[in-house]
Amino acid sequence: MEKENREYKDSLFVDLFYKDETAEKNLLSLYNALHDTDLKDDGLIRKIKIEDILYKNFKNDVSFELNGKVIVFGEHQSTVNPNMPLRCLLYAGRVYEELVDDDARYRTRLVRIPTPEFYVFYNGVKDFPMEEELVLSDAFLNPPGENSLELKVKVININSDKAHDILKKCEILRQYSIFIDTIRKYADSEESAVKMAINECMEKGILVEYLKRKGSEVRNMLIAEYSYEKDIRIKQQEARQEGITEGWDQALLLSGKIIEELKRHPFYTSEQIAEGLGCRPEIVEDIRKKMDL
């Protein structure tokens, strides 16, 4: 489960809550904050490594087993994806493949498995509620029945201006949130801007020990992370632009067909031409008036 996949890069969130020497301590603090518990022994945490399921090419998720639960944490800096429940369903399948012995699945005795829980921490720039619950059944083609599967993902807004209670309960998450705010304030993924943001946070006592140990690594992770987010935004803009262009092309093609039909059949009603072309009569009528046909 600990085999590395070098095809993706790790985010700062993953380093802080999965890879760093303080990761178990940080995970335990976040677990306690979510469950109002006071567990002390981070040695009970069993980290789980599942490759490339929730996010493609950039590792932004953490999963671990603790206290009879499998916890999956994900972080979103862009718009929260409504397909997260589906991704988590696939993720859970992979997790239980790792945790449950092959032979045990076919025993007649009930196999006990840790309870799954799914959380997404949102810290993007777009406005988002304090909390939101995403459910798998929203994607179903038909309403869920009594025997339907359900999966819920709790999305928590950890932007510091939202002041969610979890930031008061988990100090490391609070500092992480402030750190991301500071990085974003400089609005630049260049190394000089990231370095200034790191220096400012250290002066304010934010993630000081972590940044002292891993300053250069953190800079590299942030530059890679924000470059990745920028690349995603550009691709989304290009896709929207392509959609607009394609839409115009289709509209022009339809207009040409309508004009052609109006000229060929001047006595046809707009409804008759629309039915033949598979479009709305209002579109035909509009073109008929504009072209005086």
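Notes on the structure follow. (Residues numbered from 1 in each chain as written. Predicted model: local features only at pLDDT ≥ 70, side-chain atom pairs only at ≥ 80, totals over all residues. Heavy atoms only, no water.)

Details of the overall build of the chain
Move 1: Within the chain one finds nine helices and eight strands.
Move 2: A buried classification covers 42% of the 293 residues belonging to the chain. (Helix = DSSP H or I, 4+ residues; strand = E, 2+ residues; numbered from the N terminus. Buried < 20%, exposed > 50% of the residue type's maximum accessible area, 1.4 Å probe, protein only.)

Side note on the layout of surface pockets
Move 1: Computed from the structure, the second largest pocket encloses a volume of approximately 240 Å³.
Move 2: Put simply, the parts of the chain that give the lining of the second largest pocket at least two residues each are helix 2 (23-35), helix 5 (171-185) and helix 7 (208-264).
Move 3: Sorting elements by how many residues they give to the lining of the second largest pocket places helix 7 first, with four residues.
Move 4: Its residues placed into classes, the lining of the second largest pocket shows five nonpolar, three polar and five charged. (1 Å grid on protein atoms, 1.4 Å probe; cavity = no way out; pocket = protein on both sides within 12 Å on 5 of 7 lines; lining within 4 Å. Points joined across faces, edges and corners; volume = space filled by probe spheres on them. Nonpolar A, V, L, I, M, F, W, Y, C, P; charged D, E, K, R; others polar.)

A short note on helix 5
Move 1: A rise of 1.5 Å per residue sets the reference length of helix 5, with its 15 residues, at 21 Å; its end C-alpha atoms lie 21 Å apart and thus fit the reference within 8%.
Move 2: Within helix 5 the residues assigned to the buried category are Ile 172, Leu 173, Gln 175, Tyr 176, Ser 177, Phe 179, Ile 180, Thr 182 and Ile 183. (Expected span 1.5 Å × (residues − 1).)

Describing the packing of aromatic side chains
Move 1: On inspection of all chains with the given rule, the structure shows seven aromatic pairs.
Move 2: Taken together, the ring pairs in this structure connect Phe 13, Phe 17, Phe 64, Phe 73, Tyr 119, Phe 121 and Tyr 176 into an aromatic cluster.
Move 3: The ring centre of Tyr 18 lies 4.8 Å from the NZ or CZ of Lys 47, which sits over that ring. (Phe/Tyr/Trp six-rings, centres within 6.5 Å; stacked < 30°, edge-to-face > 60°. Lys NZ or Arg CZ within 6 Å of the ring centre and 35° of its normal.)

Some thoughts on unusual backbone geometry
Move 1: Of note, Asn 67 is a non-glycine position whose phi angle comes to about 55 degrees, a positive value.
Move 2: On the accessibility criterion, Asn 67 (48% relative accessible area) is partly exposed.

Some remarks on the environment of Val 194
Move 1: Among the secondary structure elements, Val 194 is positioned in helix 6 (residues 191-203).
Move 2: By relative accessible area, Val 194 is classed as buried at 2%.
Move 3: As for Val 194 and Leu 222, which are separated by 28 residues in sequence, their C-alpha atoms are 7.4 Å apart.

Note that all results are geometric; they support no functional claim without further evidence.
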